[in-house]
There are 2 protein chains.
Amino acid sequence: MVSTKNGRLLFHSVPVRDGIVPGTLRYDESETIDLDAVPLNGGALFKLLAVSADPFLTALMSPAYSESAFEHLTYKIGKPIIAYAVIVALRSEIPTVKAGDHFMNMFPLEEYFIIDSLPERTVPLPNDVGIPWSTYVGVCGMPGQTAYMGWKEYSKAKKGETTFVTTGAGKFVIQMAKRDGLKVIASAGSDEKVELVKSFGADVAFNYKTANTLEILEREGGIDVFWDNVGGVTLDAALQASRSKARFLECGMMAAYGATDGPNAVIKNIWNIVGKSITMVGFLVWDLYEGHLDDFYTTVPKLVADGEIKYREDVTRGLGSLEDAMIGLFKGTNVGKAVVIVADE
Amino acid sequence: MVSTKNGRLLFHSVPVRDGIVPGTLRYDESETIDLDAVPLNGGALFKLLAVSADPFLTALMSPAYSESAFEHLTYKIGKPIIAYAVIVALRSEIPTVKAGDHFMNMFPLEEYFIIDSLPERTVPLPNDVGIPWSTYVGVCGMPGQTAYMGWKEYSKAKKGETTFVTTGAGKFVIQMAKRDGLKVIASAGSDEKVELVKSFGADVAFNYKTANTLEILEREGGIDVFWDNVGGVTLDAALQASRSKARFLECGMMAAYGATDGPNAVIKNIWNIVGKSITMVGFLVWDLYEGHLDDFYTTVPKLVADGEIKYREDVTRGLGSLEDAMIGLFKGTNVGKAVVIVADE
């Protein structure tokens, strides 16, 4: 009998505000597991490989979201949090799963765990194009799905139109929009990120911390499609600079999460929705799986492997580094997609 | 030569705020017209019969809207304002128009006027069902079109769902929603209006001035479709009480027009769009004409004539009464659709 340490990332305390603070999560190393002998009871033993640090995870930390679509995922104090991850099967008694198979979905963040069956919406990852496993929680994971499926379903993009993209999953959207023939304005939170989004094809890119978003959007003649990860004052500027019949894809409101006062807590220009016939759509990528998921996994990993879709990752190592990676998201210190590598294989 | 007084309703001064105030418009009786002899020069002479007092007209008074879809309609000081009206041809040199023909569209508010051709989107009114001409600027006019076409295009209503309707054009929407099998919650600004919307079929109706909108929406289990004429705090409550995948039809934001501070000037709960996958649609009824206008005029006047769609009008007489009717809209003193009868035939 060989005991292996089985680190877990636990929900330690509810953050008061600002998404996540040090001490919200706790990396616990007190448990061990016997990988060869632990009984499976008809289930399968998995190993965690890569985890995605996504802004929306903070929603699962907040009681405010307990009535939302995420209710069943809300974190419980003292229990492992869940997040999008790539896992590999070590041993299996599930007929459809064999050792060595990889999967992506939201899983509890334990370095090793046994489950009876794969949860709904689990994506098998044959990875026949040979890209890094981490990409399957990034450009080929939920953030990439959101960009690809949301853009295809809701942008109604027409060649020659202008889109304003706030980054995050937006770096993929920039490339989708350029492929569709749009002019792309992109905002980012540092000069380094501005250079990155330019390298991804943005025609106009600016640092929203030092430039005036509304002035730039108006100078560029207004926008037809807004890809919003930010909310708050950026959304207000986009409403003000919207052209008639614009489409607003509401993927996240990172500036508004936890904002109870100040400029990001309220929207002043909502009347533009009426005056300019704007359509504003909030969506969960899950609801787009039917009709888009097969297309996504047939198309995107190959585009990534061929270098036709670029991506950038900010990688940290070790499950315990997720908290810092999450805090970095809200401080804006990451440049690429924040990914935690737990194990290489 | 017989001179007939030709009264005109002029834009007199830009209201500072609150939509419209006394003195915004001026009824001018200084002009006359010789109805029998005035040369038509290939055009036609029309007489104004009925005019609609619509909240959105205040948008045409405000420089803030000069960049909106209404830009080309913005009122000019000293010139007749335009509004939805029913007109009848007295004499015509336009081949497709003969004396006695009735039409509905936005027209300059002069009791008699000559135009070279009918403007785009003019609706001919054969009125073969024999309903009052005033209905063609109300339940069978732009407000009715908005309700009927907007509901059909955007509500995605399913039997058993719940809709929250703020009144105005909403009285028709209540009846559409009941015909589709929805539970209808309606808000109105007086106890008398509450009784009226109940008589139109609302399952739950309340006076938003004395009741707490959010409490009622939550007590009723939330909403799937929101028909918004109001904006402001009512929209905020609807966002908060929204169920997952709700549809918000944004027809007007009467509470927000001109509100530069106070609770109606800002929206606090916009993040629900992301958390609950809400779709929020602003639309102009004009953009729905293709595909819906023929259906509307084939269906609705007959339903009205047969009493299957109820309506209520608050009628005033004389073109000069429009200003008071408009002020009444914002004070909430009207109960039914506010219509001005300029002449009976």
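A brief look at the structure comes next. (Residues numbered from 1 in each chain as written. Chains lettered and ligands numbered in written order. Predicted model: local features only at pLDDT ≥ 70, side-chain atom pairs only at ≥ 80, totals over all residues. Heavy atoms only, no water.)

**Some words on the packing of helix α1 (residues 142-154) of chain B against helix α7 (residues 289-305) of chain B**
All names here are of chain B.
Next, step 1: Contact geometry for α1 and α7: axes closest at 10 Å, N-to-C directions at 120 degrees. In terms of orientation, α1 lies oblique with respect to α7. Taken as a pair, α1 and α7 cross one another with a handedness that is right-handed. Between α1, through Gly144, Gln145, Tyr148, Met149, Lys152 and Glu153, and α7, the contact on the second element is made entirely by Tyr289, His292, Leu293, Asp295, Phe296, Tyr297, Thr299 and Val300.
Next, step 2: Split by residue class, the contact of α1 with α7 holds seven nonpolar, four polar and three charged. (Axes fitted to C-alpha atoms, helices over the stretch in contact; angles between N-to-C directions. Helix = DSSP H or I, 4+ residues; strand = E, 2+ residues; numbered from the N terminus. Parallel < 35°, antiparallel > 145°, perpendicular 65-115°, else oblique. Left-handed = near helix turned anticlockwise from the far one by under 90°. Contact = heavy atoms within 4.5 Å. Nonpolar A, V, L, I, M, F, W, Y, C, P; charged D, E, K, R; others polar.)

**What about the interface of chain B and chain A?**
Next, step 1: Contacts between the two partners involve 29 residues from chain B, matched on the other side by 29 residues from chain A.
Next, step 2: Taken together, both faces of the contact between chain B and chain A bury some 2500 Å²; the carbon and sulfur share is 65%.
Next, step 3: Per-residue buried area on chain B facing chain A is highest for Ile270, Trp271 and Val274 of chain B; these three make up 22% of the total on that side.
Next, step 4: Across the chain B-chain A interface, the total number found is two salt bridges.
Next, step 5: For Lys245 of chain A, the salt bridge is made with Asp287 of chain B, and the minimal N-O distance between the two is 3.1 Å.
Next, step 6: Elements supplying a minimum of two residues to the side of chain B that touches chain A: β14 (242-250), α6 (272-275) and β15 (279-282) of chain B.
Next, step 7: When residues in the side of chain B that touches chain A are grouped by element, the largest group, four residues, is from β15 of chain B.
Next, step 8: Residue composition of the side of chain B that touches chain A, grouped by class: 19 nonpolar, six polar and four charged.
Next, step 9: Judged from the three bridges that link them, strand β15 (residues 279-282) of chain A and β15 of chain B form a sheet pairing that is antiparallel. Paired with Met280 of chain A across the two strands is Met280 of chain B, which belongs to β15 of chain B. (Buried area = accessible area lost by both parts, 1.4 Å probe. Salt bridge = Lys/Arg side-chain N within 4 Å of Asp/Glu carboxyl O. Pairing = 2+ DSSP bridges.)

**Let's talk about helix α8 (residues 322-331) of chain A**
Residues and elements named next belong to chain A.
Next, step 1: Most of α8 sits out of view: seven of its 10 residues are buried.
Next, step 2: Residues Leu322, Glu323, Ala325, Met326, Ile327, Gly328 and Leu329 constitute the buried set of α8.
Next, step 3: Each element contacted by the buried residues of α8 is listed here: β2 (8-11), β3 (25-28), β5 (44-52), β16 (313-317) and β17 (337-341).
Next, step 4: Gly332 sits one or two residues past α8 and shows a positive phi near 80 degrees. (Buried < 20%, exposed > 50% of the residue type's maximum accessible area, 1.4 Å probe, protein only.)

**Section: the sheet that holds β14 of chain B**
Across a sheet, paired strands are connected by hydrogen bonds in the backbone, their directions being either parallel or antiparallel.
Next, step 1: Across the sheet, 12 strands lie side by side as β12(A)-β11(A)-β10(A)-β13(A)-β14(A)-β15(A)-β15(B)-β14(B)-β13(B)-β10(B)-β11(B)-β12(B); this open sheet has mixed pairing. Edge positions in the sheet fall to β12 (204-207) of chain A together with β12 (204-207) of chain B, since each of these pairs with one other strand and no more. Each strand axis lies, on average, 15 degrees off the axis of its neighbour in the sheet, ignoring direction.
Next, step 2: Note: strand β11 (residues 183-188) of chain A against β12 of chain A, four bridges, orientation parallel. Note on β12 of chain A: the bridge partner recorded for Ala188 of chain A is Asn207 of chain A.

**Notes on the packing of aromatic side chains**
Next, step 1: Under the defined criterion, the tally for this structure stands at 28 aromatic pairs over all chains.
Next, step 2: Between Phe107 of chain B and Phe113 of chain B the ring centres are 5.8 Å apart and the planes differ by 35 degrees, which places this aromatic pair in the tilted class. Both residues of the pair, Phe107 of chain B and Phe113 of chain B, count as buried.
Next, step 3: Through pairs of rings, three or more aromatic residues link up here, namely Phe46, Phe103, Phe107 and Phe113 of chain A.
Next, step 4: A cation over a ring is seen here: Arg121 of chain B above Trp286 of chain B, with NZ or CZ 4.0 Å from the ring centre. (Phe/Tyr/Trp six-rings, centres within 6.5 Å; stacked < 30°, edge-to-face > 60°. Lys NZ or Arg CZ within 6 Å of the ring centre and 35° of its normal.)

**Observations regarding the relation of the copies chain B and chain A**
Next, step 1: For these two chains of identical sequence, chain B goes onto chain A by a turn of 180 degrees and a shift of 0.0 Å along the axis, with RMSD 0.0 Å. Between the two chains, the operation in question is that of a two-fold axis.
Next, step 2: A share of 100% of the interface residues of chain B reappears at the interface of chain A, consistent with the copies meeting face to face through the same patch. (Least-squares fit on C-alpha atoms with pLDDT ≥ 70 in both.)

**Section: the environment of Ile77 of chain B**
All names here are of chain B.
Next, step 1: Among the structural elements, Ile77 can be located in the loop between β5 (44-52) and β6 (82-92).
Next, step 2: For Ile77 and Leu25, which are 52 residues apart along the polypeptide, the C-alpha to C-alpha distance reads 9.3 Å.
Next, step 3: Setting aside chain neighbours within four positions, we find Ile77 in contact with Phe11, His12, Ser13 and Val14.

**Quick look at α7 of chain B**
Residue and element names in this part refer to chain B.
Next, step 1: An ideal rise of 1.5 Å per residue puts 24 Å on 17 residues; α7 measures up with 22 Å between its terminal C-alpha atoms.
Next, step 2: Phe296 marks the point of greatest bend in α7, at about 40 degrees.
Next, step 3: All of the buried residues along α7 are Tyr289, His292, Leu293, Phe296, Tyr297, Val300, Pro301, Leu303 and Val304.
Next, step 4: Looking at the residues trailing α7, positive phi occurs at Gly307, about 75 degrees. (Expected span 1.5 Å × (residues − 1). Bend = angle between axes of the 7 residues up to and from the residue.)

Keep in mind that these numbers describe shape and distance, not what the molecule does.
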